[in-house]
Amino acid sequence: MKIEEVKSTVRTQRIAAHSHVKGLGLDETGGALQSAAGLVGQKAAREAAGIVVDLIKSKKMAGRALLLAGPPGTGKTAIALAIAQELGNKVPFCPMVGSEVFSNEIKKTEVLMENFRRSIGLRIRETKEVYEGEVTELTPVETENPMGGYGKTISNVVVGLKTAKGTKQLKLDPSIFDALQKEKVEVGDVIYIEANSGAVKRQGRSDTFATEFDLETEEYVPLPKGDVHKKKEVIQDVTLHDLDVANARPQGGQDVLSMMGQLMKPKKTEITDKLRMEINKVVNKYIDQGIAELVPGVLFIDEIHMLDLETFTYLHKSLESPIAPIVIFATNRGRCVIRGTTDIVSPHGIPLDLLDRLLIIRTLLYSTSDMEQIIKLRAQTEGLQLEETAFSRLSEIGTSSTLRYAVQLLTPAHQMCKVNGRNQITKDDIEDVHSLFLDAKRSSKHLSEKNNKFML
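Looking at an unreviewed UniProt entry, one finds the protein named RuvB-like helicase and attributed to Drosophila albomicans. The UniProt entry for the protein carries the following comment under Subcellular location (unreviewed entry): "Nucleus". Under the UniProt heading Catalytic activity (unreviewed entry), the entry covering the protein gives this text: "ATP + H2O = ADP + phosphate + H(+)".

Here it is as structure tokens:
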């Protein structure tokens, strides 16, 4: 096989609708740049979102809610994802769509509460007594099997650990040898063993072996400082939903009937309020003792107008809870009927008493120049080459129809120019695909003109 024939798969990754969004694109003073971090325009909305990010980081926004309201295709979801990028991966971010609550398996309120709990993090700090160092020796000691027979059993395992300060040889239980094998520990690895539980954690390969191979997939870590036997602070990040699931043990015995009953159950099972209250008590106790710290995350509910009156009422109760995340809603509706009622009309399809609790950020329609910048950004993300006239034509199409439709024409236009043996998309390619594919406005116009040809 020739190396030249093997094609690289690096560029064949899936590009999502918001792959280009890397942050809010603000300067040091909190002002929005015209085009930065994947966002273009919407300066007022981005600056408002920047203030919200600062409030979340300073933990002054818990239990409050934000509404992103604007016409379709004005960057509401992009701003919400940019907020998540600004907060970093240490703050939980849980996205969902309003219609997700309508499930046949569990109650609407249960879906909401589950996502609320997913959005609240708990950072647990524990000081553990550990043996830490680079493995210099790993020798299992075998003895005759006490049960008889020809096989031998491992009576203990001798592990040598080295740090910058010294070395230590440990004689450990055979169960720890099993844990060492599961972690695939070898001589030269940096590990730590918890003194109380015997749990083994492999941290990586010692950086003294960094030049061992030319190509290496290992993660190299420095040689630990201090003594082999020490007290180490271990930080663990979990969400309240993780604690709920871990403590919701399946009920029933080990007989065939109960096992079959568990198999027949639906995939999703509801976690009781009683269990959640018990977990909350333990969490509050840990917080009071200083062992744990609550990290309120962000719950993003898109298409909020899809919720009904019952779920809106439940949101009130959840937002007033002492343990509540920051909730961001998004909607593209104006004045409409609240779902679950027949005659109650309200702004954005949200009850007025809930609207009164929200900070509302407005997003505006993009100008033609903003659209052109966004289309250039998407073309760059997708690795497409366009002539300047093609960009101008696409921005004109976006202004007369929608930005989403203009962006969706990029890939068919690229396919069209490939068929014609070119790499660069021209204005003619855009015109061709624009004539082949209809946008919503032209489609509805066609329907109204030919209405009698369609079935009722």
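Let us keep going from here.
Turning next to the packing of aromatic side chains. Inspection of every chain in the model, using the stated rule, returns one aromatic pair. For the ring pair Phe 93 and Phe 300, a centre distance of 6.5 Å and an interplane angle of 20 degrees mean the geometry is stacked. One end of the pair, Phe 93, is in strand 4 (residues 93–97); the other, Phe 300, is in strand 13 (residues 298–302), and 207 residues separate them in sequence. Overall, the relative accessible area of 3% leaves Phe 300 in the buried class. One residue, Arg 339, lies across the ring of Phe 102, its end atom 4.4 Å from the ring centre.

As a further point, take the packing of helix 1 (residues 43–57) against helix 2 (residues 76–87). For the pair helix 1 and helix 2, interaxial distance at closest approach is 10 Å and the crossing angle is 40 degrees. In this structure, the crossing between helix 1 and helix 2 has a hand that is right-handed. On helix 2, the residues touching Ala 45, Ala 49, Val 53, Ile 56 and Lys 57 of helix 1 are Ile 79, Ile 83, Glu 86 and Leu 87.

The biggest cluster of nonpolar side chains holds 26 residues, and the ones touching the most others in it are Leu 67, Ile 301, Ile 304, Phe 312, Leu 315 and Phe 329. For this core, the secondary structure elements donating two or more residues are strand 3 (65–69), strand 4, helix 3 (108–118), strand 13, helix 8 (309–319), strand 14 (326–331) and helix 9 (352–355). Counting 24 residues, the second largest nonpolar core, distinct from the first, contains Leu 24, Leu 66, Val 298 and Ile 326.

Okay, empty space enclosed by the protein next. Taken as a whole and judged by the stated rule, the model has one cavity of 30 Å³ or more. Taken together, Leu 39, Val 40, Gln 42, Arg 46, Gly 75, Ala 78, Ile 79 and Tyr 366 make up the lining of the largest cavity. Breaking the lining of the largest cavity down by element, the ones donating at least two residues are strand 2 (39–40) and helix 2. Per-class residue counts for the lining of the largest cavity are five nonpolar, two polar and one charged.

Time to look at the side chain of Arg 117. Secondary-structure assignment places Arg 117 in helix 3. In this structure the side chain of Arg 117 is engaged in a polar contact, spanning 2.9 Å, whose partner is the side chain of Asp 244.

Looking at chain direction, strand 6 (residues 152–162) and strand 7 (residues 167–172) are connected through six bridges and run antiparallel. Bridged to Val 158 within strand 7 is Lys 171. Once strand 6 ends, the chain turns through four residues before running back antiparallel as strand 7.

This part takes up the pattern of salt bridges. Applying the stated criterion across every chain, the model contains 21 salt bridges. Taking the shortest distance from any N to any O, the salt bridge between Arg 276 and Asp 244 comes out at 3.3 Å. Residue Arg 276 is found in helix 7 (residues 273–289), and its partner Asp 244 is found in helix 5 (residues 240–247); the two are separated by 32 residues along the sequence. Comparing Arg 276 with Asp 244, the two get one shared label, buried. One salt bridge connects Glu 396 with Arg 393, and the closest N-O pair in it is separated by 3.3 Å. Placement of the pair is Glu 396 and Arg 393 together in helix 11 (residues 388–400), with a separation of three residues, close to one helical turn. The class for Glu 396 is partly exposed, based on a relative accessible area of 44%.

On to the packing of helix 3 against helix 7, then. Contact geometry of helix 3 with helix 7 gives a least axis separation of 13 Å together with a crossing angle of 20 degrees. Accordingly, the angle class assigned to the pair helix 3 and helix 7 is roughly parallel. Here the hand of the crossing between helix 3 and helix 7 comes out left-handed. Every residue of helix 7 that contacts helix 3 at Glu 110, Met 113, Glu 114 and Arg 117 is listed here: Arg 276, Ile 279 and Asn 280. Taken together, the residues of the contact of helix 3 with helix 7 break down into two nonpolar, one polar and four charged.

Rules of the game
Residues numbered from 1 in each chain as written. Predicted model: local features only at pLDDT ≥ 70, side-chain atom pairs only at ≥ 80, totals over all residues. Heavy atoms only, no water. UniProt positions renumbered as here; feature names shortened; annotations may be inferred. Phe/Tyr/Trp six-rings, centres within 6.5 Å; stacked < 30°, edge-to-face > 60°. Helix = DSSP H or I, 4+ residues; strand = E, 2+ residues; numbered from the N terminus. Buried < 20%, exposed > 50% of the residue type's maximum accessible area, 1.4 Å probe, protein only. Lys NZ or Arg CZ within 6 Å of the ring centre and 35° of its normal. Axes fitted to C-alpha atoms, helices over the stretch in contact; angles between N-to-C directions. Left-handed = near helix turned anticlockwise from the far one by under 90°. Contact = heavy atoms within 4.5 Å. Core = buried A, V, L, I, M, F, W, Y, C linked by side-chain atoms within 4.5 Å. 1 Å grid on protein atoms, 1.4 Å probe; cavity = no way out; pocket = protein on both sides within 12 Å on 5 of 7 lines; lining within 4 Å. Points joined across faces, edges and corners; volume = space filled by probe spheres on them. Nonpolar A, V, L, I, M, F, W, Y, C, P; charged D, E, K, R; others polar. Polar contact = N/O pair within 3.5 Å; in protein donor to acceptor, adjacent residues only side chain to side chain. Pairing = 2+ DSSP bridges. Salt bridge = Lys/Arg side-chain N within 4 Å of Asp/Glu carboxyl O. Parallel < 35°, antiparallel > 145°, perpendicular 65-115°, else oblique.

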